[in-house]
Amino acid sequence: MCGIFGYTGSAEAADLLIEGLSKLEYRGYDSAGISVLNGDIHTLKSAGNIAKLRERRSSVDVSGTSGIAHTRWATHGEPNETNSHPHHSNSNRYSLVHNGIIENYLEMKKDLIDKGFDFKSDTDTEVLVNYIEHLANETGKQPADLMPEILRDVKGSFAIALMDTKNPGVLIAARKGSPLIIGLDGNEQYLSSDPLALAQHCDSAIYLENRHYAVIAPGKKPAVYNERGLEIVAEVAVIDQMKDQITVDKGDFSHYTLKEIYEQPDIARQHVAESFQNHHILPELTHLKKELVAAKRLVVIGCGTSLHAGWMGRNYIERLAGIPVVVEQASEFRYGEPLLFENDIVIAVSQSGETADTMEGVRLVSSIRDLPVIGLCNVKGSTLYREASACLMLNAGPEIGVASTKAFMSQVLMFFRLAMHLADLKGYNAHEGLLDDFKKLPNLIEKTLKFNEATHEIAEKYKDSENMLFLGRGIQFPIAMEGALKVKELSYIHAEGYSSAEMKHGPLALIDEKFPTVVVATDSEQEGKNINTVKEISSRKGKVIALVQESSTRLANEADDYLMVPDIHDMLAPFLATIPLQLLSFHFAVLRGHNVDQPRNLAKSVTVE
Ligand code: AGP
């Protein structure tokens, strides 16, 4: 996802800007650039990674103590140098960086061309910076005074940072949907779309509210305005609460993705310890007790892996607490006309807390009914963290790999704890033996990681597959879907998740000796049916990789290959089953020579719609 970074103060800006961008790399991008003001605006840009920009910077003298910078994840126009940000206005008076999508940019561009403007790039951003120039020329207003009009008339979502040669040292920041944060450090001021890039410089920050804008300059308190142009007193958040979110390196691991897979036992330990310490209730929900007791239905929204965690949440909440749960793709929910009822409670699941479809779903809820929204989120200070009625923090630490692994584990663990909290409110007791195995879960996750070598061997055997099917039934189904998504994201193999029983109603036609199937069969109670599934595939020459609990030897023997997890209560087996599938997709990615931590085309947080 695109990243914005800005600085104004007394230090040289160029290297600070590039360092700030390096903290945003994990979000995924395809080009980068900086603008520094020193009389004129000096701009350096490059397609590809930040190392290329750093190399260019080393051969060009770019001095100046204020600047803006950007990592671009292409939405309009190819990922090349011309389209990368920052973009200058025709007169070179302004330079702009932008996150988001401007939906009415084509009309604006046509109108500006009629007025004599010309364009070098295919981007909506270059249209916006020239629109600002046009308005400033026409009205004689300062660019900051144009922001209410920009926020009103420019459609879509955006976060922008603007530099103006006529106001040296001043940066203008505006937010409409996409997050933007002002970092405070005495006389120095910073801007970023992500707190991770600020934490090494600042102890406090102002999170721009939606449709607000700000003017920052060295040695002055930021002036923050609402959408009507009225100056407001903005809340200053203490940023050191996120110091623990600063990830510095991969440690001894080859990739962040592998490091984060191996962090899962400790994340589970943290959840299990907290759960037992709090007698399996969630103190963060104390203020919602009345609503939770009265809840007749939960509505869960999320995207991608977070959606799969929501499906796992439904299994746990319906089985342990007896409350109906509907799970919706956030993008479908927000474009639909969802029916929401008085005793509904909404749960929004988002690792980043910034996914546009999920956040628009949250806002749609409040436009229909005043219902509690519980956020499951991994980033303190994120939009979801600040807009939800209550936030269940995943505390998984920053997840740098674009493919979500430890955050998924933490989301599902949090859903399991939420199910137990709701069961407690309803007066239900936990299933026999479930809590005993829950206590063992962290060690069993650690034990499952020891199958890494076996998983690597299977990845070697199937790494050239062009297609794969991932099957699961019941509580395993979301794990099959998540396994297929991981393989898609990391190996670029076309992998499809499907219900085991449904496979014979059509997808079976796909099966031949080149189309392997992973059968997630860690539900020992269904061993017989899972053996049927394996036989249905094998009899069509399809290769089967069975994912089974250690005791399911019969099933393992029916398959061509198998991945084992330790024996555990069937309801907890999905936690273990997800590990070999994460490792399988990781090994596929490495064996196929891909960028594991930043897969092509993907972004860590999709803040565009
Ligand atoms: C998961 O591996 C993907 N990176 C993607 O599906 C992700 O889960 C989705 O974009 C939602 O992100 P969020 O959890 O930050 O809202």
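For the structure, see preceding data.
Notes on the structure in this doc start here. (Residues numbered from 1 in each chain as written. Predicted model: local features only at pLDDT ≥ 70, side-chain atom pairs only at ≥ 80, totals over all residues. Heavy atoms only, no water.)

### Structural notes on the nonpolar core
Counting 86 residues, the largest nonpolar core has I317 and F470 as the members making the most contacts within it. The leading source of residues in this core is helix 13 (residues 406–426), at twelve residues. Apart from the residues lying within four places of it in its own chain, the contact partners of F470 are A480, G483, A484, V487, A495, E496, G497, Y498, V518, L581 and L584. Membership of the second largest hydrophobic core comes to 29 residues, among which are F119, L135, I160 and L162. (Core = buried A, V, L, I, M, F, W, Y, C linked by side-chain atoms within 4.5 Å. Buried < 20%, exposed > 50% of the residue type's maximum accessible area, 1.4 Å probe, protein only. Helix = DSSP H or I, 4+ residues; strand = E, 2+ residues; numbered from the N terminus. Contact = heavy atoms within 4.5 Å.)

### Things to note about the packing of helix 7 (residues 264–277) against helix 13
Viewed as axis vectors pointing N to C, helix 7 and helix 13 meet at an angle of 15 degrees, and their least axial separation amounts to 10 Å. Our classification of the angle between helix 7 and helix 13 gives roughly parallel. For the pair helix 7 and helix 13, the crossing hand works out as right-handed. Residue-level inspection shows Q264, I267, A268, H271, E274 and S275 of helix 7 in contact with helix 13, the latter providing K406, M409, S410, L413, M414, R417 and M420. (Axes fitted to C-alpha atoms, helices over the stretch in contact; angles between N-to-C directions. Parallel < 35°, antiparallel > 145°, perpendicular 65-115°, else oblique. Left-handed = near helix turned anticlockwise from the far one by under 90°.)

### Looking at unusual backbone geometry
In this structure, the amide linkage connecting H85 to the following residue, P86, adopts the cis form with an omega of 5 degrees. As for its placement among the helices and strands, P86 is situated in the loop between strand 4 (66–72) and strand 5 (87–88). A positive phi angle is found at N395, which is not glycine, with a value near 50 degrees. Along the chain, N395 falls in the loop between strand 20 (390–393) and helix 13. In this structure, Y492 is a non-glycine residue whose phi angle is positive, near 65 degrees.

### Notes on the packing of helix 1 (residues 13–22) against helix 2 (residues 50–58)
Put simply, helix 1 and helix 2 touch, their axes get as near as 10 Å, and they point 170 degrees apart. Taken together, the axis directions place helix 1 and helix 2 in an arrangement best described as roughly antiparallel. Contact residues: helix 1 offers A14, D15, I18, E19, L21 and S22, while helix 2 offers I50, L53, R54 and R57. Its residues assigned to classes, the contact of helix 1 with helix 2 shows five nonpolar, one polar and four charged. (Nonpolar A, V, L, I, M, F, W, Y, C, P; charged D, E, K, R; others polar.)

### As for the site of the ligand
Near the ligand, the surroundings consist of 14 residues, among which S306, S350, S352, T355 and E489 are the closest. Here an oxygen atom of the ligand sits 2.6 Å away from a polar atom, N or O, in the side chain of S306. K486 is positioned such that a nitrogen or oxygen atom in its side chain is 3.0 Å from an oxygen atom of the ligand. Relative to its unbound accessible area of 410 Å², the ligand is 90% covered by the protein chains. Elements that contribute at least two residues to the shell around the ligand include exactly helix 9 (304–321) and helix 16 (477–491). Its residues assigned to classes, the shell around the ligand comprises four nonpolar, eight polar and two charged. (Near = heavy atom within 4 Å. Polar contact = N/O pair within 3.5 Å; in protein donor to acceptor, adjacent residues only side chain to side chain. Areas by Shrake-Rupley, 256 points an atom, 1.4 Å probe, with all protein chains shown as cover.)

### Notes on the side chain of D597
Here D597 is to be found in the segment after helix 19 (573–591). A residue is classified by how much of its surface remains accessible, and D597, at 9% relative accessible area, is buried. Residues contacting D597, with those up to four places away along its chain left out, are K250, H255, Y256, T257, I400, G401 and V402.

Limitation: the analysis is restricted to geometry and does not speak to function.
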